[in-house]
Amino acid sequence: MKINDMTVQKLPENTWSLCPVCLRKIRAERVHLGQKIILRKNCPEHGMYETTIWSGFQDMSEWIGTKEKPFEGVPPCPESCGLCGDHLRSTCCIIYNVTNRCNLNCSFCLAGDTIEHETSLEEICKSFFSFIEKGKTLLQLSGGEPTLRDDLPQIVQAAREAGARYVQLNSNGIRLGEDPAFVRSLAEAGLSFVFMQFDGTNDDIYNSIRGKKLLKIKQQAIENCAVCNIGVTLVPTLVRGINIGDIGNILRFAIAQSPKVRGVHFQPATYTGRIPSTPTASDRFTLDELIHEIQHQTEGTICADHLLPSACDHPLCGFHGDFIVNNNQIVSLLNRKNTNTASCCNDDASGKNREFVGRRWERPDPNKYESSCCSNNLSDMESFLKAARINGFTITAMAFQDAGNIDLARLRQCSLHVYDNGRTVPFCAYYLTAWKN
Amino acid sequence: MAEETTKLICCKCNKELEMIKTDFSYLGHTFFTELPRCPGCGNVYISEELVKSRISEVEMQLEDK
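Model, not experiment: these values are computed from the prediction.

(A) Structural context of the overall build of chain B. Scanning chain B for helices and strands turns up one helix and four strands. Relative to a compact globule of 65 residues, whose C-alpha radius of gyration would be 11 Å, chain B shows 14 Å and is clearly more extended. Its C-alpha atoms put chain B at 40 × 20 × 15 Å along the principal axes. Burial analysis of chain B (65 residues in total) assigns 12% to the buried set. The contacts in chain B between residues at least 6 apart in sequence include a share of 34% that link residues at least 24 apart.

(B) Local environment of the overall build of chain A. A count of helical and extended segments in chain A gives 14 helices and 17 strands. Over its C-alpha atoms chain A spans a radius of gyration of 21 Å, differing by no more than 12% from the 22 Å that the globule rule assigns to 437 residues. For chain A, the spread of C-alpha atoms along the three principal axes comes to 65 × 50 × 45 Å. Counting all 437 residues of chain A, 46% fall into the buried class.

(C) Molecular detail of the pairing of strand β16 (residues 416-420) of chain A. Residues and elements named next belong to chain A. Summarising burial for β16: four of the five residues are buried, a large majority. Relative to β16, strand β5 (residues 93-97) is paired through three bridges, and the arrangement is parallel. Considered in β16, the bridge of cysteine 93 is made with leucine 416. Hairpin connection, β16 to strand β17 (residues 423-426): the antiparallel pair is bridged by two residues, and asparagine 421 has positive phi, about 50 degrees.

(D) Focus on helix α7 (residues 215-227) of chain A. Residue and element names in this part refer to chain A. With 13 residues, α7 should reach 18 Å at 1.5 Å per residue; the first-to-last C-alpha distance of 19 Å fits that figure. For α7, the set of buried residues is Lys218, Ala221, Ile222, Asn224 and Cys225. The buried residues of α7 occupy an angular sector of 165 degrees when projected down its axis, which confines them to one face. Exposed and oriented more than 90 degrees from the buried face of α7 are Lys216 and Val227. Tucked into the core, α7 has its buried residues touching α4 (174-178), α5 (180-189), β8 (193-197), β9 (231-235) and β11 (261-268). At the C-terminal side of α7, asparagine 229 shows a positive phi close to 60 degrees.

(E) Looking closely at the packing of helix α8 (residues 247-256) of chain A against helix α9 (residues 287-297) of chain A. All names here are of chain A. Across the interface, α8 lies against α9 with an axial gap of 8 Å and an inter-helix angle of 65 degrees. Put simply, α8 runs roughly perpendicular to α9. Remark: the crossing between α8 and α9 carries right-handed chirality. From α8, Ile247, Gly248 and Leu251 reach across to α9, where they touch Glu293, Ile294 and Gln297.

(F) Seen up close, the confidence of the model for chain A. The predicted model of chain A averages 92 in pLDDT, with 94% of residues at 70 or higher. For the stretch residues 1-10 of chain A, pLDDT sits under 50, and the model shows 13 contacts to residues farther than four places along the chain or on other chains.

(G) Quick look at the environment of Pro309(A). Residues and elements named next belong to chain A. Inspection of the secondary structure assignment puts proline 309 in strand β12 (residues 308-309). In the structure, proline 309 is positioned 12 residues away from glycine 321 in sequence and 9.1 Å away in space, judged by C-alpha atoms. With residues up to four places along the chain from it excluded, the contact list for proline 309 reads Trp63, Pro315 and Phe319.

(H) Spatial organisation of the nonpolar core. Residue and element names in this part refer to chain A. Core analysis: the largest hydrophobic core is formed by 116 residues, its most contacted members being Ala159, Val194 and Leu234. Residues lining this core come from more than one domain, with at least three contributed by each of domain 1 (5-72) and domain 2 (93-417). With sequence-adjacent residues up to four places away left out, leucine 234 is seen in contact with Met196, Phe198, Ile250, Ala254, Val261 and Val264.

(I) Quick peek at the interface of chain A and chain B. Listed as interface residues are 18 residues of chain A and, on the opposing side, 13 residues of chain B. At the level of elements, α10 (349-361) and α12 (381-390) of chain A are the ones that each hand at least two residues to the side of chain A that touches chain B. It is α12(A) that contributes the most residues to the side of chain A that touches chain B, four residues altogether. Residue composition of the side of chain A that touches chain B, by class: 10 nonpolar, six polar and two charged.

(J) Structural view of the domain arrangement of chain A. Residue and element names in this part refer to chain A. Entries for chain A in the domain assignment read domain 1 (5-72) and domain 2 (93-417). Between the C-alpha centres of domain 1 and domain 2 the distance comes to 28 Å. Opposite the 23 residues of domain 1 that make contact, domain 2 presents 22 residues. Breaking the side of domain 1 that touches domain 2 down by element, the ones donating at least two residues are β1 (8-18), β4 (47-54) and α1 (60-64). For the side of domain 1 that touches domain 2, a count of residues per class yields 13 nonpolar, eight polar and two charged.

(K) The arrangement of the packing of helix α2 (residues 121-131) of chain A against helix α3 (residues 152-161) of chain A in detail. Residues and elements named next belong to chain A. The interhelical angle for the contact between α2 and α3, taken along N-to-C directions, is 20 degrees, at an axis separation of 9 Å. Relative to α3, α2 is oriented roughly parallel. Considering only the axes of α2 and α3, their crossing is right-handed. Together, Leu121, Ile124, Cys125 and Phe128 of α2 and Gln154, Ile155, Ala158 and Ala159 of α3 make up the contact between the two elements. Among the residues making up the contact of α2 with α3, the classes are represented as seven nonpolar, one polar and no charged.

(L) Layout of unusual backbone geometry. For the peptide bond that leads from Cys77(A) to Pro78(A), omega is -10 degrees, which places it in the cis range. Relative to the assigned elements, Pro78(A) resides in the loop between α1 and β5. Of note, the bond from Gly143(A) into Gly144(A) is cis; its omega dihedral lies within 30 degrees of zero at 20 degrees. With a phi close to 50 degrees, Leu27(B) is a non-glycine residue in the positive phi region. When you line up the elements, Leu27(B) lands in the loop between β3 (18-26) and β4 (29-37).

(M) Geometry of the pairing of strand β2 (residues 25-33) of chain A. Residues and elements named next belong to chain A. Sheet topology places β2 next to strand β3 (residues 36-43); six bridges connect them, and they run antiparallel. Bridge pairing links glutamate 29 to arginine 40 in β3. The antiparallel pairing of β2 with β3 creates a hairpin that spans two residues between the two strands, and glycine 34 there sits at a positive phi of about 65 degrees.

Procedures and definitions
Residues numbered from 1 in each chain as written. Chains lettered and ligands numbered in written order. Predicted model: local features only at pLDDT ≥ 70, side-chain atom pairs only at ≥ 80, totals over all residues. Helix = DSSP H or I, 4+ residues; strand = E, 2+ residues; numbered from the N terminus. Rg over C-alpha atoms; globule rule 2.2 N^0.38 Å. Buried ≥ 20, exposed ≤ 12 C-beta atoms within 10 Å, placed from the backbone. Contact = placed C-beta atoms within 7 Å. Pairing = 2+ DSSP bridges. Expected span 1.5 Å × (residues − 1). Arc of directions from axis to C-beta. Axes fitted to C-alpha atoms, helices over the stretch in contact; angles between N-to-C directions. Parallel < 35°, antiparallel > 145°, perpendicular 65-115°, else oblique. Left-handed = near helix turned anticlockwise from the far one by under 90°. pLDDT = per-residue confidence, 0-100. Core = buried A, V, L, I, M, F, W, Y, C linked by C-beta atoms within 7 Å. Domains from an automatic or database assignment. Nonpolar A, V, L, I, M, F, W, Y, C, P; charged D, E, K, R; others polar.

Below is the structure:
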């Protein structure tokens, strides 16, 4: 990228990053370039690298607010990951990869191309007891594609027996759609909810990103989970040129599927693991652009003020919105104008975040609420409470980091951790891969 | 106000409270529910049980995480 120095203004914050080629720790700056903000860094060996981190649809300084702690000296990240004494967040969600086998071969895959390996059920059960905190842990079973393991229900059951508060499954949904008996056994084992890869509302999108038509099987997966009262949150990977224009359709589809679908969790494509190519500056799809597209493509039904910066992770890592679906209409519970966000980072941010997502993504016991009274008038306190329990809906996003845009100020605030052989590693440090020069 | 087994009496006005639809607001949202209110001074009685259960849940649902 060519820089016109006349347009460049330094932001107050400097930060630390890594060289995308050799992963050497280097200083980085966030600088204005016209409307955009870029991360600029210079490796003594591999030279200058810049990438867009903010598109200028909102004020980034206001978005971050006071939620970033300045560095004192050189940060120990990422070589000290698992968590070290300088890490700022405890674990909100912990990921456990039960397999690296997969039944897809996607153009984007965080797990990348690795040698097939599977930990035995016995070893998994043993390790669960070493890190699961009774009544607290939100465990995400991931992979690879976890449903390729026939003993997945036993793994879920073992996590419950070890005391996990929530057991979440990350899945592409293929087996969930094809095998309702398997879904039933997962529900009986105590599965709490599913994060299901869902990139769009037409098969051209799946052909482009996943290499095959998948829409129908994903719709069946939602139905099969619904029968077993397992909440499904849709997880689109957003790739410029492929599915950015489908954001509004994804939201409308999800809202129409409430309460079976509990929300949409957007993930702008990250360039780590297996990727089609390293990104150009224009490939980057930033959080503020995502918010802009949500507002634009829903014609303002969901607006920027409904979506708040992450209070648990770094504000540049994600946002969340909390809604109720009432008569196929979406009603926001949060508004940035009414919300005091200054206190969010204090005591137990990870715990608060865990309870928030658990409350929304898990479907309540139908015997407890479905038969109770009430109208659709959300001004009636009883109706509101019933709707909030049954028809809660979240719109969330997480922007993972790669060798190009990694920012150590963000990394040390990460609350999404991966369990690996006794270590607990921040997500983006765990999956980080260097780029070819 | 003093609570009796079957009725509530306003301790200021000595009048029996009546169940009346009452509005309350929190973080930009307004709700109504029926609460005992004094027909004289207009004060409402909110029981500890109601505060600890449904009103607390309304607050939790509306507050940011």
